[in-house]
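Given next are the chains, with one letter for each unit.
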Amino acid sequence: MEEPIVIGKDKFRISEEETARRELRVVKVHDDVIQVQEEVHGIIALVGASSSVNIKKDELKNLIKVAKEKFGWVDICE
């Protein structure tokens, strides 16, 4: 598996004392499969059986750009 490409970063306040950092990354897993990873630092614990990724409009644009330029997916969003 290749190194992930960062397509978004930001920080947000979760309490008076703590700010969390968020990084959204994408990596090519297979010729026709990509994995979007959302990494959040600063939250004491996350518990659950499901996960989701929040993608901002500019991050989606970056994702499409990376998929086309780095992974060769030229037939998306036609």
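What comes next is a walk through the structure. (Residues numbered from 1 in each chain as written. Predicted model: local features only at pLDDT ≥ 70, side-chain atom pairs only at ≥ 80, totals over all residues. Heavy atoms only, no water.)

### Digging into the pairing of strand E1 (residues 5–13)
This is how it is decided: Here, any two strands with at least 2 DSSP bridges between them count as paired. To qualify as a helix, a DSSP run of H or I must reach at least 4 residues; to qualify as a strand, a run of E must reach at least 2; elements of each kind are numbered from the N terminus.
Looking at chain direction, E1 and strand E2 (residues 19–30) are connected through eight bridges and run antiparallel. Among the inter-strand pairings, Gly-8 is bridged to a residue of E2, identified as Leu-24. Remark: five residues form the turn of the hairpin made by E1 and E2, two consecutive strands paired antiparallel.

### Considerations on the pairing of E2
Examined bridge by bridge, E2 and strand E3 (residues 33–41) share nine bridges and lie antiparallel to one another. By the bridge assignment, His-30 is partnered in E3 with Val-33. Between E2 and E3, which pair antiparallel and follow one another directly, the connecting turn spans two residues.

### Observations concerning the pattern of salt bridges
Opposite charge on two side chains permits pairing when their charged atoms draw close. Inclusion rule: We define a salt bridge as a contact between a side-chain nitrogen of Lys or Arg and a carboxyl oxygen of Asp or Glu at a distance within 4 Å.
Under the definition given, this model contains six salt bridges. In this structure, the salt-bridge partner of Lys-56 is Asp-10, at a minimum N-O distance of 3.5 Å. Remark: Asp-10 occurs in strand E1 and Lys-56 occurs in the loop between E3 and helix H1 (57–69); sequence separation between them is 46 residues. Salt-bridge contacts for Glu-38 lead to Arg-22; the nearest nitrogen and oxygen are separated by 2.6 Å. Remark: Arg-22 occurs in strand E2 and Glu-38 occurs in strand E3; sequence separation between them is 16 residues. Among the ionic contacts, a cluster of salt bridges with common partners joins Asp-10, Arg-22, Glu-38, Lys-56 and Glu-59.

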